[in-house]
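For reference, the chains in residue letters:
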Protein chains: 2
Amino acid sequence: MYSIGELSRRTEVKVPTIRYYEDIGLMPPAERSSGNQRRYDRAGLERLSFIRHARDLGFSIEAISSLIVLEETPDRSCLDATRIAERHLAEIRDKIRRLTALEAELQRITGACEGDSAAQDCDILAALADHDLCADAH
Amino acid sequence: MYSIGELSRRTEVKVPTIRYYEDIGLMPPAERSSGNQRRYDRAGLERLSFIRHARDLGFSIEAISSLIVLEETPDRSCLDATRIAERHLAEIRDKIRRLTALEAELQRITGACEGDSAAQDCDILAALADHDLCADAH
DNA sequence: CTTGAACCTCTAGTTGCTAGAGAGATTACC
DNA sequence: GGTAATCTCTCTAGCAACTAGAGGTTCAAG
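The rules we used
- Residues numbered from 1 in each chain as written.
- Chains lettered and ligands numbered in written order.
- Predicted model: local features only at pLDDT ≥ 70, side-chain atom pairs only at ≥ 80, totals over all residues.
- Heavy atoms only, no water.
- Near = heavy atom within 4 Å.
- Polar contact = N/O pair within 3.5 Å; in protein donor to acceptor, adjacent residues only side chain to side chain.
- Helix = DSSP H or I, 4+ residues; strand = E, 2+ residues; numbered from the N terminus.
- Expected span 1.5 Å × (residues − 1).
- Contact = heavy atoms within 4.5 Å.
- Buried < 20%, exposed > 50% of the residue type's maximum accessible area, 1.4 Å probe, protein only.
- 1 Å grid on protein atoms, 1.4 Å probe; cavity = no way out; pocket = protein on both sides within 12 Å on 5 of 7 lines; lining within 4 Å.
- Points joined across faces, edges and corners; volume = space filled by probe spheres on them.
- Nonpolar A, V, L, I, M, F, W, Y, C, P; charged D, E, K, R; others polar.
- pLDDT = per-residue confidence, 0-100.
- Salt bridge = Lys/Arg side-chain N within 4 Å of Asp/Glu carboxyl O.

**Student:** Even after reading the chapter, I still don't get the protein's contact with DNA strand C, so can you show me in this structure?
**Tutor:** Taken together, 19 residues form the shell around DNA strand C, and within it T17(A), R55(A), G5(B), R19(B) and R38(B) come nearest. Those atoms of DNA strand C that come within 4 Å of the protein belong to sugar or phosphate at a rate of 88%. One nitrogen or oxygen atom from the side chain of K14(A) is found 3.4 Å from a phosphate oxygen belonging to DNA strand C. Within the side chain of Q37(A), an N or O atom sits 3.4 Å from a sugar or linking oxygen of DNA strand C. Mapped onto the surface near DNA strand C, the elements with two or more residues apiece are α2 (15-23) of chain A together with α1 (4-11) of chain B. Looking at the surface near DNA strand C element by element, the count peaks at three residues for α2(A).

Here you go:
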């Protein structure tokens, strides 16, 4: 049995975060020692590792909840998991697309400024003040 | 003079958001009508447009505050604005880099699954459960 | 002068945690 | 077995950047 600190070390999830996951029902209520401290077994470790990994991959808590349900009802098809992952992938691609557009715009703006003019002539501030100067709509 | 609703329409910033900006000091306290409703002039419109545009470009409220200070002290050099914008650009590039790595990993995971196997064999769930299956560290 | 839309303030909720206070439990060492 | 150091407990409050709703007031059109 692991203490919460030990679990934290093994999964690299911070202690208060583990308690938070229990609060919101992502982790099941932990067993307790005689002194009311949380104790975890291998199942707890694996569940938290799963959560950690999914968070690393950017899944929302809500999506992870769904994935856990799927994991625990092994007679269900894997289609739902695929759908969740693919929706997430689509979101990530959308984010990348938007960030890339921002990058281009920002580069254009910062590139325009020499960096030594007085602020009333600063092209960055001018570009921010006037949307019409933008290359494309955002 | 514009009402808050009119300002909202012109800048495409929602009414409660405008009030929120005033609360946190990003917008100066608005003048009021005899009946205590907010009234804005051209300066208010321009300031909110500036904020809106900077938010669109992903600047944080804090960064925008700094930019506004720069805008209002025209004797200061534009170097600070450049620095803020460049730091932000670096952050965006970092985000893109991390998201792109995630995209590759997620694509690998979702691509592995046929989508018709039973959940206990689902490669997505297996990949999420076992970090060792990952192509690279994240 | 009335009606209905727009406005007011205030509180609380969102996501995914993090920080801190003050008290109790456990463990290591002598 | 004692005691000191380190965990751990619960609880509340805070972060960013808003959004939603309640309950009440003001404005503008007809």
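**Student:** Please explain helix α3 (residues 42-56) of chain A as it appears in this structure.
**Tutor:** In an α-helix, one turn spans 3.6 residues, which is why side chains three or four residues apart end up on the same side. Over its 15 residues, α3(A) runs 21 Å from end to end, which matches the ideal 21 Å to within 8%, given 1.5 Å per residue. For α3(A), the secondary structure elements touched by its buried residues are α1 (4-11), α2 and α4 (61-72) of chain A together with α6 (123-129) of chain B. Looking one or two places after α3(A), you find G58(A), whose phi comes out positive at around 90 degrees.

**Student:** Which parts of the structure should I look at to understand the environment of T82(A)?
**Tutor:** Residues and elements named next belong to chain A. Topologically, T82 is positioned in helix α5 (residues 79-112). Given a relative accessible area of 9%, T82 falls into the buried group. Considering only alpha carbons, one finds T82 and L67, 15 residues apart in sequence, at a separation of 9.8 Å.

**Student:** Sorry, what's going on with the layout of surface pockets here?
**Tutor:** Remark: the empty space left among the atoms is shown by a probe the size of a water molecule rolled over them. Volume-wise, the largest pocket comes out at about 590 Å³. Around the largest pocket, the lining is made up of 23 residues, and of these L99(A), E91(B), I92(B), K95(B) and R98(B) lie nearest the centre. Take the lining of the largest pocket: its biggest share by element is nine residues, from helix α5 (residues 79-112) of chain B. Of the residues that constitute the lining of the largest pocket, the class distribution is 10 nonpolar, six polar and seven charged. Taken together, 18 residues line the second largest pocket, and the ones lying closest to its centre are D41(B), A43(B), G44(B), L45(B) and R47(B). With seven residues, helix α3 (residues 42-56) of chain B is the largest single contributor of residues to the lining of the second largest pocket. When the residues that make up the lining of the second largest pocket are grouped by side-chain class, the tally is 10 nonpolar, two polar and six charged.

**Student:** Would you explain the confidence of the model for chain A in this entry?
**Tutor:** The predicted structure's coordinates, where accompanied by low pLDDT, should not be read in detail. With 84% of its residues at a pLDDT of 70 or more, chain A has an overall mean of 86. Mean pLDDT across the elements of chain A bottoms out in helix α6 (residues 123-129) of chain A (80) and peaks in strand β2 (residues 38-39) of chain A (97).

**Student:** Would you mind going over the pattern of salt bridges with me for this structure?
**Tutor:** For side chains of opposite charge, pairing can occur when their charged atoms come near one another. Evaluation of the coordinates by the stated rule reveals 26 salt bridges over all chains. The residue E46(B) makes a salt bridge to R42(B) at a minimum N-O spacing of 3.3 Å. With a gap of four residues between them, E46(B) and R42(B) both fall in helix α3, about one helical turn apart. We classify E46(B) as partly exposed; its relative accessible area is 46%. In this structure, the salt-bridge partner of D80(B) is R83(B), at a minimum N-O distance of 2.5 Å. A residue pair is termed a helical-turn pair when its members lie 3 or 4 positions apart in one helix, as D80(B) and R83(B) do in helix α5 at three residues. The partly exposed category is assigned to R83(B), whose relative accessible area is 45%. What emerges from the salt-bridge pattern is a single network uniting E6(A), R9(A) and R10(A).

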